[in-house]
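For reference, the chains in residue letters:
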Protein chains: 2
Amino acid sequence: MELVEAALAGNRRAIARLITRIENDGDDAHASLSQIYPYTGQAHIVGITGAPGTGKSTLVNELAKAFRAANRQVGVIAVDPTSPFSGGAILGDRVRMRDLAGDSGVFVRSMATRGSLGGLARATADAIKVLDAAGFEVVIVETVGAGQSEVEIAETAHTVVVVEAPGMGDEVQAIKAGILEIADVFAVNKADREGADRTAAALEMMLDLDQTPSSQTRSASRIVIHHGQLMEVAQHPPHSTATGPDVPNDVSASRRWRPIVVKTIALRGDGIPELIQAIADHRQYLETSNELAHRNRIRLTNELEHILRDELMDQLLKKIDPSILVSLMTQVADRELDPYTAARQLLKNSYKGKRQRRSGDA
Amino acid sequence: MELVEAALAGNRRAIARLITRIENDGDDAHASLSQIYPYTGQAHIVGITGAPGTGKSTLVNELAKAFRAANRQVGVIAVDPTSPFSGGAILGDRVRMRDLAGDSGVFVRSMATRGSLGGLARATADAIKVLDAAGFEVVIVETVGAGQSEVEIAETAHTVVVVEAPGMGDEVQAIKAGILEIADVFAVNKADREGADRTAAALEMMLDLDQTPSSQTRSASRIVIHHGQLMEVAQHPPHSTATGPDVPNDVSASRRWRPIVVKTIALRGDGIPELIQAIADHRQYLETSNELAHRNRIRLTNELEHILRDELMDQLLKKIDPSILVSLMTQVADRELDPYTAARQLLKNSYKGKRQRRSGDA
């Protein structure tokens, strides 16, 4: 476990290798994660999301430089789920490193989509842990919006910055309602373009409309403890998110944060100090309210769920008789059997297999 | 099961109620799905995706009108994963229906994000089944790109149309590498804007570069049968996608389709006939190659996996002792226990619980 110790000491090569080891997801990976886990929980995790073309990556670069100028150690995790097949992630590392090369206070890592459902979220969460444990005070997670990846970033980050750019067409259309729910800070980038003021004004207006109590919930937690009962909130609308003694009932009380809108021109570095300040303000808010503990708890619960789902599927796949699966899939493809019934038969079969083995043992 | 029969007969209210019933996911839902499933497999499923502001919804509206003019029944499923909390989906229905109201050959349904992982993908797949079984010849599934939702649409649709708009900034940045892998047709919408020709040219250039053998794979299937062996491809890069006797090895042989780039101005209806033709050409290609059967198989395999994962998680949650979960989550939050170890303990505990109950029964 020398690798883990070297990573904890901040050795860059060790950090890189440790992230790779964890991505590869062997037994080593779990042991390493257990070892670093006690050292996590210190970093401020800042999510940055926005559509392609908003200048997100340049903004991340400038933010990292500004944090460095303030003598803070910065990790950057660039998640690029649009590029599952190409080697884009590796190229990305090189392009990004340009301005920050040689500075040991910055660590940049790009991640491409893993094949499995939720696999990317898991790998990202694990990479955050490594950087957190290695002493990076700020970990920036950059994802391409919109869609599911934005909801996931909201669950992963302490502070979510949504990057918008003017001239993306109809402002009201471009600024989707869901964005308001996940953004803590808006950066209207490319602010020298025509329409920047209009975009910023549209955002402010939507934020004003949004400050009604009913829309102030943002929790997307799925397993919730409610009066000592385990509840799966997953299948209900988020409005009904349960709160109880173990999940501080701060959803409506502490969600008094009104997202800050900052205009930036990342290419020139304009607006970056204001953006840094907005992020710091939000951090302050998290710490003085119950929100930080609440978000951490949601994050860890989601993470546990991802792990459990993967683990359960792995176990099932090991138990399934391949010939049964082939036969069921053929029936499904031929419309003789629907997928739900096929799933039930597979689950029944895997249990039967286990029980038979067990009685054979006895 | 009168509802199912009425829906199969094409009754609009029955279709709407059946989709709602299935979304609510009770025992009724599964019974209904089993009943309609034999009638599915006829529709051409067309996925339309693109960033906010590209004019995607207008384009979908125009496409639906054009299909209607050609006397084809059209279902539209508008998936809006950016709006998990707001009532956006309902408003969407009303706005969209405007041009098509009163036409019983069109059915529009908006879906908002469900809470659960993969829940939206499942609900969308089920809504497609209902429309397919009810006799809609074309089912358009509209999603907001980019990210995971685009990968999912590629797994769900027969033909994927990616909508781009000029003026979204740097063309090469805006056109992400992953997009090339999922697009069968590109619509460069808002083609009257400056830069439309440049965007179209950039796409054509990237498509030329992309026509190398190594990038011709697009399969994202996860459970694959290889020489009679069940393989989980999930955790390996998609390049290693296994093929075998049950999954026709047509990945390199049949992936000779070169995406078509069409310029459109949806607001004026310009380019819509060309877009319809491109979609028809792709359908023809699917039918004359092995690709249609291959895509259907991938789709159903993914669907089965979604169902299995949800079902396994449901079963686990029923078995877990809430007090154990509370205690584990507290240890995780306090950094005394890492999430992976917590997951293992939960799984071990749930088995122990079952075994104890069983030996108690004996």
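Throughout what follows, the structure given in this document is the object of discussion. As the structure is a prediction and not an experimental result, all values here were calculated from the model.

The rules behind the values
Residues numbered from 1 in each chain as written. Chains lettered and ligands numbered in written order. Predicted model: local features only at pLDDT ≥ 70, side-chain atom pairs only at ≥ 80, totals over all residues. Heavy atoms only, no water. Helix = DSSP H or I, 4+ residues; strand = E, 2+ residues; numbered from the N terminus. Buried < 20%, exposed > 50% of the residue type's maximum accessible area, 1.4 Å probe, protein only. Polar contact = N/O pair within 3.5 Å; in protein donor to acceptor, adjacent residues only side chain to side chain. Core = buried A, V, L, I, M, F, W, Y, C linked by side-chain atoms within 4.5 Å. Contact = heavy atoms within 4.5 Å. Axes fitted to C-alpha atoms, helices over the stretch in contact; angles between N-to-C directions. Left-handed = near helix turned anticlockwise from the far one by under 90°. Nonpolar A, V, L, I, M, F, W, Y, C, P; charged D, E, K, R; others polar. Salt bridge = Lys/Arg side-chain N within 4 Å of Asp/Glu carboxyl O.

## Digging into the environment of T330 of chain B
Residues and elements named next belong to chain B.
Inference 1: One can find T330 in helix α14 (residues 322-333).
Inference 2: Look at T330 and you get partly exposed, because its relative accessible area is 31%.
Inference 3: Taking the C-alpha atoms as reference points, T330 and H30, separated by 300 residues in sequence, lie 37 Å from one another.
Inference 4: Of the polar contacts made by the side chain of T330, one reaches the backbone oxygen of V326; its length is 2.8 Å.

## Things to note about the nonpolar core
Inference 1: Membership of the largest hydrophobic core comes to 124 residues, with the highest contact counts inside it found for I15 and F186 of chain A together with I15 and F186 of chain B.
Inference 2: Dropping the residues within four chain positions of it, F186 of chain A is found in contact with V162, E164, I179, L180, L203, L207, P259, I260, V261 and V262 of chain A.
Inference 3: If you look at the next biggest cluster of nonpolar residues, it comprises 24 residues, including L63, V163, A187 and A266 of chain A.

## Comments concerning the packing of helix α14 (residues 322-333) of chain A against helix α13 (residues 291-319) of chain B
Inference 1: Two numbers describe how α14 of chain A lies on α13 of chain B: the axes approach to 10 Å, and their chain directions differ by 115 degrees. Where α14 of chain A crosses over α13 of chain B, the handedness of that crossing is right-handed. Touching V326, M329, T330, V332 and A333 of chain A of α14 of chain A are R297, L300, T301 and L304 of chain B, all from α13 of chain B.
Inference 2: Within the contact of α14 of chain A with α13 of chain B, the residues separate by chemical class into six nonpolar, two polar and one charged.

## Concerning the pattern of salt bridges
Inference 1: This structure, assessed with the given rule, holds 32 salt bridges over all chains.
Inference 2: Linking D208 of chain A and R258 of chain A is a salt bridge whose minimum nitrogen-to-oxygen distance equals 2.5 Å. Of this pair, D208 of chain A sits in helix α10 (residues 196-210) while R258 of chain A sits in the loop between α11 (251-254) and β9 (260-263), and the two are 50 residues apart along the sequence.
Inference 3: Residue classification places R258 of chain A among the partly exposed residues on the basis of a relative accessible area of 28%.
Inference 4: With a shortest N-O distance of 3.2 Å, R268 of chain A and D270 of chain A are connected by a salt bridge.
Inference 5: Each of R122 and D310 of chain A together with E305 and R309 of chain B takes part in one network of salt bridges that share partners.

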